[in-house]
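# Inside the fold
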Amino acid sequence: MPLPVLERARSELLDWRGSGMSVMEMSHRGAEFMSIIAKAERDLRDLLALPDDYRVLFLQGGALAQNAGVPLNLLAPNGVADYVDTGHWSQKSIAEARKYGEVNVAASSADRDYTYIPDEATWRLTPNASYVHVTTNETIGGVEYFWTPDTGGVPLVADASSHLLSRPFDVAKYGVIYAGAQKNIGPAGLTLVIVRDDLVGRARRECPSVLDYAVQAKAASMFNTPATFGIYLAGLTFEWLREQGGLAGIEQQNIAKAGALYAQIDRSGFYRNDVRRSDRSRMNVPFFLHDERLTAPFLDGAAARGLVQLKGHRAVGGVRASIYNAMPLAGVLALVEWMREFERDHG
Ligand SMILES: *Cc1c(COP(=O)(O)O)cnc(C)c1O
């Protein structure tokens, strides 16, 4: 969370703008909260330059609920869904979709340990697939799409959880974009779904109402009580992003942050990142020390300097720096400084 957002929330925690109540105490259908959610949606639309034919849904259940929501809304009972497998989160999406119908894995980077995005020319897409699903930033592997797949007339669906709002995004090329809030949007408990109008209203009969895009769009995300405090904090985050110069502005900061970190990793053979250069994530930077036995002392020394939450995911080990929007450049430079120092003492 950006510090100014937390400070603003603290100042308004007990009494939201003279209303005499906390946002947590408001009726979600009252005038105050309606103004909060409307402003959040307006600012998000403005940030993403969202075309008018897209609905914004503020839901719950995380990205993993949407892994079921997508096939339940879009996969025709006798249809096929194409998925591109680029690592941990793609695999979760694929496994969930298989509960609901036929899945074709159109491409996979498993052959080189998920260190790249398969070139589009190699994708084996199904003609007339119900949709094509991609994970546009693999949070654990640290691989990111810097281009938009061309699926012809087939709807393109993206799990963009870990990089949405980190840079401009060509929404108009996608049918559905979904993201758990807890990376760049707000606190855990809120899920953002952006869906094009023509894909609303196709849900299967057995689709739970809370996951049905048409039900939620008609109810303005209030089929059940929405995550009110999370929506409020997301709204403050959108305002903060606008102050950063919007998505083009935050992108410049993210380029500088990721650039400094990868430059340090690549400087000598002491640290290593195996991801193809063109596909390296700006949000999640996993790396290894040349001698695996140095990982624990590296992490301990980092923690002693206040550099925390750097342990690599248990599936891959090593180190991972997740440098989301809210991480300032100074935080990344402090890590780079510690990497230099550690290499000097152990290199
Ligand atoms: C964090 C993350 C998830 C998990 O989302 P939940 O909100 O925990 O359901 C899914 N996909 C990606 C790409 C993620 O980064």
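With that settled, consider the pattern of salt bridges. Counted according to the given criterion, the structure contains 26 salt bridges. For the salt bridge of D198 with R196, the shortest nitrogen-to-oxygen distance reads 2.6 Å. The salt bridge partner of D345 is R344, with a shortest N-O separation of 3.7 Å.

Attention now goes to the sheet that holds strand β11 (residues 284–289). Read across the open sheet, the three strands follow the order β10-β11-β12; overall the sheet is antiparallel. One side of each edge strand has no neighbouring strand; the edge strands of this open sheet are β10 (271–272) and β12 (319–322). Sheet topology note: the β11/β12 ladder contains four bridges and is antiparallel. The residue of β12 that forms the bridge with N284 is S322. Packed on one face of the sheet, helix α7 (residues 246–266) meets β10, β11 and β12 and runs near 15° to β11.

The next point concerns the environment of V171. Within the secondary structure layout, V171 lies in the loop between β7 (156–159) and β8 (176–180). The exposure class of V171 is buried, given its relative accessible area of 3%. Placed 146 residues apart in sequence, V171 and E25 show a C-alpha to C-alpha distance of 34 Å. For V171, the residues in contact, after removing those within four places along its chain, are L48, L50, Y54, I177 and I194.

Considered domain by domain, the protein chain is made up of domain 1 (3–243) and domain 2 (246–346). Using only C-alpha atoms to locate each centre, domain 1 and domain 2 end up separated by 27 Å. Every contact between the two is made by 26 residues of domain 1 and, on the other side, 23 residues of domain 2. Buried area between domain 1 and domain 2, both sides added, is near 2100 Å², and the carbon and sulfur share of it is 57%. Salt-bridge contacts for R276 lead to D119; the nearest nitrogen and oxygen are separated by 3.3 Å. Seen at the junction of domain 1 and domain 2, the total is 14 residue pairs in polar contact (both at pLDDT 80 or more). Mapped onto the side of domain 1 that touches domain 2, the elements with two or more residues apiece are α2 (31–48), β6 (143–144) and α6 (228–243).

Basis of the calculations
- Residues numbered from 1 in each chain as written.
- Predicted model: local features only at pLDDT ≥ 70, side-chain atom pairs only at ≥ 80, totals over all residues.
- Heavy atoms only, no water.
- Salt bridge = Lys/Arg side-chain N within 4 Å of Asp/Glu carboxyl O.
- Pairing = 2+ DSSP bridges.
- Helix = DSSP H or I, 4+ residues; strand = E, 2+ residues; numbered from the N terminus.
- Contact = heavy atoms within 4.5 Å.
- Axes fitted to C-alpha atoms, helices over the stretch in contact; angles between N-to-C directions.
- Buried < 20%, exposed > 50% of the residue type's maximum accessible area, 1.4 Å probe, protein only.
- Domains from an automatic or database assignment.
- Buried area = accessible area lost by both parts, 1.4 Å probe.
- Polar contact = N/O pair within 3.5 Å; in protein donor to acceptor, adjacent residues only side chain to side chain.

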